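# Coordinate inspection notes
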Amino acid sequence: MNPVWMQCKAEILRIFRNPYFVFWSLFMPILFYFLFTNVFNVGMGDEWHAHFLMSVTCFSVMGSAIMTLGIRLVEERTKGWSMFMRLTPLSDGAYFFAKMVGQTMIHIFSIIIIFTVGSFINNVTLTISQWLLCGMWILLGSFPFLALGTLVGLMKKVDTASGVSNVIYMGLAILGGMWMPMEIMPKFIQSIAQWIPSFHFGSGAWEMVRGNAPSLVNISVLIGYLIVFVVLSIYIRRKQEVVV
Amino acid sequence: MEIVISLNQITKQFKKQTAVNNISTVIHKGELVAILGPNGAGKSTTLLMMLGLIEPTNGEITLMGDHPKHKRNRERIGAMLQEVSMIDALTVMEVIQLFRSYYPQPMAFEQLISITGLQEEDLKKRADKLSGGQKRRLSFALALAGDPEIIFFDEPTVGMDTSARRNFWRTVEEMNKKGKTVIFTTHYLQEADDVAKRIILFNQGKIIADGAPIDIKRKLTASSVSFAANDFISLEMLATIAYVMKVVEKDGRVFLETDHTDEVLEEIFARKIKVKDINIHHGRLDEAFEQLTRRGGEFVESSLDAV
Ligand SMILES: Nc1ncnc2c1ncn2[C@@H]1O[C@H](COP(=O)(O)OP(=O)(O)OP(=O)(O)O)[C@@H](O)[C@H]1O
Ligand SMILES: [Mg+2]
């Protein structure tokens, strides 16, 4: 059996069997979606329903990219599992690759579930290509957040990592307009949002449900953050290895 | 015999603490070696350096001719570390299959299952939900997943019950009979003596004895006759007494080390040597081990050189 494939399968199983993942990445976003479209903000129309569906999906995927990945990395290191893995012939690269594949599969799954449930709840009607493109956008747009997850994963303690990543996650969600539309936010938040990756992550999808394409700014900001996070993550990791 | 591990003047310094202090030794193919020593002696640090998980501050280690971290080595070694950690969310069977997939020639699944000695219902449990001892059994199986040529165990039997322990050592002996090299650490002389064919005794980061269990035991069990020192007694003269292996003066007392305390006493009286406050010490295994490794136990420690 191919070790990389086995490892990918193991990573996918591990995320699925994690009750926190099911709660935070599936249950909560769907509950939010229901509440903010059917209990509060009723009668805002189809556009809001589609818009907010994208918001909660981005929220879900962003969360699993930062939290599930980041905290798991810290856990594996502090428990000595990463050290043990270094004794096996599976390379660090293959191990990391499997993690990324696992995350991506999970993101695809979350997107499908939330899109399906959401569209049933409010009868959201988008064209097939809109659904597919939005899904693709959210999947690819999650990369900077995965890189952020690996940064969180470099922290020393699980408690710090989960505390810090929670704050980052919530901050990104609010400033990125994933809970409330940007238009009703104060002016200064709107101007901060222009610099926040989560806003551009959401924007791309919001544009698409309105029949537009993601702007070049959306794409470049996300790529910019991806590069910054990856470089930082590699740099810090190198520095930590020297100490040991 | 082919050398599989060689340590050449290895030192490991952690900030101010010298965990391992300039040790050199070689281990041959097919050996069954115990690294024996008290807490903090540097056993784990040495093992981790052999595995390439930590780098020595000084000196050179080779594992099967290469740097320990070499990819080829990864396929040929297996290890159980002191802190056993288990991957979460996978069942015992899934973890075993996963580990088998890493190696070119894994051990048979059924064989690994029987090595864990776990019950049918435990095999379906999540690995991280097992009890401490069960985790160690599983980690034993994981260490063997690749059918390794060299196997390292850091305090393997801690937390195992009697039957798990018996099962463990039986499997280890079988593996060793098949020509596999086995290196394990332990605090217990008894365990080292029962299983190993060679004991490397560690204390305070140094190798203080290295040899067959029977020799090590003899060194650890040497008895002595001691009495209050005085100016009329010449240490040189005492050394000529039959059966006296070593004479040491310490804390105002003279120690004659010997395997035959009765004969030595007889001779002391026959020569009419004026001695006062005579004491006879009989080292017993564990007691001697404790003495040996006690901080500042120079007498017994230096006595080792004499044997
Ligand atoms: N990562 C580390 N950082 C700092 N000091 C360390 C580290 N690892 C070990 N030491 C120190 O090195 C010394 C040797 O430790 P080691 O773990 O090798 O002992 P040991 O013989 O395995 O002991 P035990 O029987 O308790 O497992 C100890 O004094 C320990 O405090
Ligand atoms: Mg140890």
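All values derive from a computational prediction rather than experimental measurement.

Moving on: helix α4 (residues 109-116) of chain B. Residues and elements named next belong to chain B. For α4, the set of buried residues is Phe109, Leu112, Ile113, Ile115 and Thr116. Along the axis of α4, the buried residues cluster in a sector spanning 160°; they form a single face. Against α3 (92-102), α5 (120-123), α6 (132-144) and α7 (162-177) lie the buried residues of α4. With its phi angle positive at about 65°, glycine 117 sits one or two positions after the end of α4.

Let's shift gears to the coordination of the magnesium ion (ligand 2). Within the protein, the atoms that donate to the magnesium ion (ligand 2) are B:Ser44 (OG) and B:Gln82 (OE1), at distances of 1.9 to 2.2 Å. Residue B:Ser44 is located in helix α1 (residues 43-50), and its partner B:Gln82 is located in the loop between β5 (77-80) and α3; the two are separated by 38 residues in the primary sequence.

Let's shift gears to the UniProt feature "domain: ABC-2 type transporter transmembrane" (unreviewed entry) in chain A. Under the feature "domain: ABC-2 type transporter transmembrane" (unreviewed entry), the UniProt entry names residues 51-235 of chain A. Strand forms 0% of residues 51-235 of chain A and helix 79%; the C-alpha atoms that close the span are 37 Å apart.

With that settled, consider the side chain of A:Gln103. The topology assignment puts A:Gln103 in helix α5 (residues 92-122). With a relative accessible area of 3%, A:Gln103 lands in the buried category.

What follows concerns the interface of chain A and chain B. In this complex, chain A contributes 21 residues to the contact, which on the side of chain B involves 25 residues. When the buried area of chain A at its contact with chain B is split by residue, A:Trp81, A:Leu87 and A:Pro89 rank highest and sum to 31% of it. Taken together, the connections running from chain A to chain B amount to 3 salt bridges. Put simply, B:Glu94 and A:Arg17 hold a salt bridge, and the shortest N to O gap is 2.8 Å. Our count for the contact surface shared by chain A and chain B stands at 8 residue pairs in polar contact (both at pLDDT 80 or more). Listed by contribution, the elements that provide at least two residues to the side of chain A that touches chain B are α1 (3-16), α3 (46-78) and α4 (81-85) of chain A. If you tally residues by element for the side of chain A that touches chain B, the top one is α1(A), at 6 residues. Taken together, the residues of the side of chain A that touches chain B break down into 12 nonpolar, 3 polar and 6 charged.

This brings us to the domain arrangement of chain B. Considered domain by domain, chain B is made up of domain 1 (3-217) and domain 2 (222-282). A straight line from the C-alpha centre of domain 1 of chain B to that of domain 2 of chain B covers 44 Å.

All right, on to the sheet that holds strand β10 (residues 223-228) of chain B then. Residues and elements named next belong to chain B. One open sheet holds the 4 strands; their spatial order is β11-β12-β10-β13, and the pairing between them is antiparallel. With partners counted over all chains shown, the strands left at the sheet margins are β11 (244-250) and β13 (279-281), one partner each. Pairs of neighbouring strands in the sheet enclose a mean axial angle of 20°, with direction left out of account. Here β10 pairs with β13 via 3 bridges, running antiparallel. Opposite valine 225, over in β13, you have isoleucine 280 as the bridge partner. Contacting β10, β11, β12 (253-258) and β13, helix α11 (residues 261-270) runs over the sheet at an angle of about 30° to β10.

Moving on, we come to the layout of surface pockets. Residue and element names in this part refer to chain A. Of the voids in this model, the second largest pocket is the one considered here, and its volume is about 540 Å³. Lining the second largest pocket are 25 residues; nearest its centre among them are Asn18, Tyr20, Ile71, Arg72 and Glu75. Elements represented by at least two residues in the lining of the second largest pocket include exactly α2 (19-39), α3 and α8 (158-175). Here the lining of the second largest pocket gets 7 residues from one element, more than from any other, and that element is α3.

Cut-offs used in this document
- Residues numbered from 1 in each chain as written.
- Chains lettered and ligands numbered in written order.
- Predicted model: local features only at pLDDT ≥ 70, side-chain atom pairs only at ≥ 80, totals over all residues.
- Heavy atoms only, no water.
- Buried < 20%, exposed > 50% of the residue type's maximum accessible area, 1.4 Å probe, protein only.
- Helix = DSSP H or I, 4+ residues; strand = E, 2+ residues; numbered from the N terminus.
- Arc of directions from axis to C-beta.
- Contact = heavy atoms within 4.5 Å.
- Donors = N, O, S within 2.8 Å, 3.2 Å for Na, K, Ca; no water.
- UniProt positions renumbered as here; feature names shortened; annotations may be inferred.
- Buried area = accessible area lost by both parts, 1.4 Å probe.
- Salt bridge = Lys/Arg side-chain N within 4 Å of Asp/Glu carboxyl O.
- Polar contact = N/O pair within 3.5 Å; in protein donor to acceptor, adjacent residues only side chain to side chain.
- Nonpolar A, V, L, I, M, F, W, Y, C, P; charged D, E, K, R; others polar.
- Domains from an automatic or database assignment.
- Pairing = 2+ DSSP bridges.
- Axes fitted to C-alpha atoms, helices over the stretch in contact; angles between N-to-C directions.
- 1 Å grid on protein atoms, 1.4 Å probe; cavity = no way out; pocket = protein on both sides within 12 Å on 5 of 7 lines; lining within 4 Å.
- Points joined across faces, edges and corners; volume = space filled by probe spheres on them.

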